[in-house]
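Each chain, letter by letter, is given below.
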Amino acid sequence: MTMDFDVVIVGAGAAGIAAAIELQKTNLSFVVLEARNYIGGRAFTDRETFISTPVDLGASWIHSFGSRNPLYDYYQRLGKDDQFDYDDEDGDALIIDYNGRPLLPHARQRAKLVLSRLYDRLDEFAGNNRNSDDQSIEQVIQTVYEQLIESDEQVKRIVDLSLSGMEQYEGSNLNNLSAKCWETGDAPGGDRWVSCGYGTLLQRICKEHNIPIRLNTLVTHIDTSDTTRIAITTSDSSSALLCHRIIITIPLGCLKRNTIIFEPPLPEWKREAIDRMGYGLMNKLVVQFPDCFWGSSTRTIIHACTVRRGRFRFTICLPSPSNILIFFVTGVFAKELETLTDNEILVEIMNFLQNIFPKRTIPNPIRYKFSRWSQDPLAYGSYSNFAVHSNPQTIADLAKETADGRVHWAGEHANSDDGSENWCYACVHTAFTSGQRAAKAIQKQLNNS
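Residues numbered from 1 in each chain as written. Predicted model: local features only at pLDDT ≥ 70, side-chain atom pairs only at ≥ 80, totals over all residues. Heavy atoms only, no water.

(A) Spatial organisation of the environment of S64. Here S64 lies in the loop between β5 (61–62) and α2 (72–79). Sequence spacing of S64 and R192 is 128 residues, and the spatial spacing of their C-alpha atoms is 8.2 Å. Setting aside residues up to four positions removed in sequence, S64 forms contacts with N69, A187, P188, G190, D191, C424 and H429. (Helix = DSSP H or I, 4+ residues; strand = E, 2+ residues; numbered from the N terminus. Contact = heavy atoms within 4.5 Å.)

(B) A look at the nonpolar core. Counting residues in hydrophobic clusters, the biggest one holds 42 residues, and the most contacted among them are L118, I137, V159, L163, I316 and I326. Mapped by element, the contributors of at least two residues to this core are α3 (105–128), α4 (137–149), α5 (153–170), β14 (282–288), β16 (314–318) and β17 (324–330). It is α3 that contributes the most residues to this core, eight residues altogether. Beyond its immediate chain neighbours, meaning those up to four positions away, L118 contacts I141, V144, Y145, V159 and L163. Core analysis: the next-biggest nonpolar cluster, separate from the first, contains 38 residues, I9, A18, I205 and A439 among them. (Core = buried A, V, L, I, M, F, W, Y, C linked by side-chain atoms within 4.5 Å. Buried < 20%, exposed > 50% of the residue type's maximum accessible area, 1.4 Å probe, protein only.)

(C) Seen up close, the packing of α4 against α5. Relative orientation of the contacting elements α4 and α5 amounts to 165°, with a least axis distance of 12 Å. The pairing of α4 with α5 is recorded here as roughly antiparallel in orientation. In this structure, the crossing between α4 and α5 has a hand that is right-handed. Contacts from I137, I141, Y145 and I149 in α4 reach K156, V159, D160, L163 and M166 in α5. When grouped by side-chain class, the residues that make up the contact of α4 with α5 number seven nonpolar, no polar and two charged. (Axes fitted to C-alpha atoms, helices over the stretch in contact; angles between N-to-C directions. Parallel < 35°, antiparallel > 145°, perpendicular 65-115°, else oblique. Left-handed = near helix turned anticlockwise from the far one by under 90°. Nonpolar A, V, L, I, M, F, W, Y, C, P; charged D, E, K, R; others polar.)

(D) Highlighting α4. Relative to the 18 Å expected for 13 residues at 1.5 Å per residue, α4 spans 17 Å between its end C-alpha atoms, a close match to the ideal helical length. Where α4 bends most, at T143, the angle is about 40°. Listed as buried for α4 are I137, V140, I141, V144, Y145, L148 and I149. On the buried face of α4, the contacting elements are α3 and α5. Among the residues trailing α4, E150 stands out with phi positive, at a value near 55°. (Expected span 1.5 Å × (residues − 1). Bend = angle between axes of the 7 residues up to and from the residue.)

(E) Region of the structure containing the domain arrangement of the chain. Here the chain is described as being made up of domain 1 (4–42 + 191–279 + 379–448) and domain 2 (105–170). Just the C-alpha atoms count here: the centres of domain 1 and domain 2 sit 36 Å apart. Counting residues at the interface gives six residues for domain 1, matched by six residues for domain 2. Interface area, domain 1 with domain 2, both sides summed: about 470 Å², of which 44% is carbon and sulfur. (Domains from an automatic or database assignment. Buried area = accessible area lost by both parts, 1.4 Å probe.)

(F) Seen up close, the state of the cysteines. With the rule as written, the count across this model stands at zero disulfides. Cysteine C206 remains unbridged, with the sulfur of C196 as its closest cysteine sulfur at 13 Å. Free cysteine C424: the closest other cysteine sulfur is in C427, separated by 4.4 Å. Of the residues examined, C424 reaches a relative accessible area of 1% and is grouped as buried. (Disulfide = S-S within 2.5 Å.)

(G) Summary view of the pairing of strand β9 (residues 219–223). Of the pairings in the sheet, the one linking β9 to strand β10 (residues 230–234) comprises four bridges and is antiparallel in character. Paired with I222 across the bridge in β10 is I232. A loop of six residues connects β9 with β10, the two strands running antiparallel in sequence. Both β9 and strand β12 (residues 261–263) contribute to a ladder of three bridges, which runs parallel. For H221, the partnering residue across the bridge sits in β12 and is I261. (Pairing = 2+ DSSP bridges.)

(H) Inspection of helix α1 (residues 14–23) at higher detail. Across the 10 residues that make up α1, a large majority, 10, are buried. Within the span of α1, buried status applies to A14, A15, G16, I17, A18, A19, A20, I21, E22 and L23.

(I) The arrangement of the sheet that holds strand β6 (residues 92–96) in detail. The strand order β6-β15-β16-β17-β14-β18 describes an open sheet built from six strands, whose pairing is mixed. Lying at the two open borders of the sheet, with one neighbouring strand each, are β6 and β18 (367–370). Adjacent strand axes in the sheet meet at a mean angle of 15° when their direction is disregarded. Here β14 pairs with β17 via seven bridges, running antiparallel. Bridged to V286 within β17 is I326. Its contacts with the sheet put helix α10 (residues 342–356) on β6, β14, β15 (298–303), β17 and β18, and the angle it makes with β18 is roughly 110°.

Structure representation (structure tokens):
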């Protein structure tokens, strides 16, 4: 059986959902094809493991939260959960050294001065080297870093703690991140924790709009050799899908792994942009305990490590009755943990907790769930970043149509710079914006044809 549509959308994450909502405003026929058995992609809310507490294993916050955010109204209407809410501003941040002790004021002040010099060095490099070869952030700051750290180990740990915040935000280590593009496209404004779960919010948006989505439908081939129709092959091959336009919203990690075969092959400039753009990894290690041994007022634990920069740097604390710790792990450390068994990861976590709470009895966990996004064949990672030699033009190339304007591209990695002060990328809401853009471009094309 052959089915013919005006538009096919590949992927039911934020970009695909937004594109579908835009197309519903037209007379164009369309369908969304989603390889997973759920809606939301890397915004996935686990509502089963921890009973009454929804936990996001992917995205958790709406960045740049405010009335100009395309998800703001949806959150106000659909995203609040009266049974469970969390706001880290309601409690305290426990900022500690590797052994659980407070960071000394004089060391924090000294570290602040060192960081200021390092950031000045990055600003200088980014401002003066627009037309020269790029370097990694690690390369640019290394000499100044080594000169200023001297022999004060706590100052070094505090500086590393701050630098690892950059690594956490980008999902990659500093030796992979572009110094030219440091702070380029960072989400401005405040953040809002999605109390019902980000994945749940996207599912509720789909339900409100009654979007036609086919789950468990993996696209394997896209053939644009016929100039009148695009042919789409899925893994079950039960039917052939034809369309005039297609919107590709699959993760950058899947594009890098060539999980969809394009015939004819993608143009070289598109392939180069896919290869050049960085792609980070953030995993969440979610552990539930029988009691809130860390203290009911603590909302986050920020930890300066003596072993390696960023190891168990940041932990979200959900108070009673949830009694849950969510460890955010990124980059190389996250990749290494993915090679361990769940029990081995639990041992690492329990040793860490015993080290920072040496005078407390740490109870055995009662439930846990660990994400492994780099091993997920429908993601192969978490979100994009500016790797060395990538820049906003790389994102523009990722977003640019191919096949004579018939194949459109969207996703968190394909939200090209619109020149506004609020522009950013690598967020769920920017994926949503990119989907809107692609759908509007198709509407304009087909209305003028």
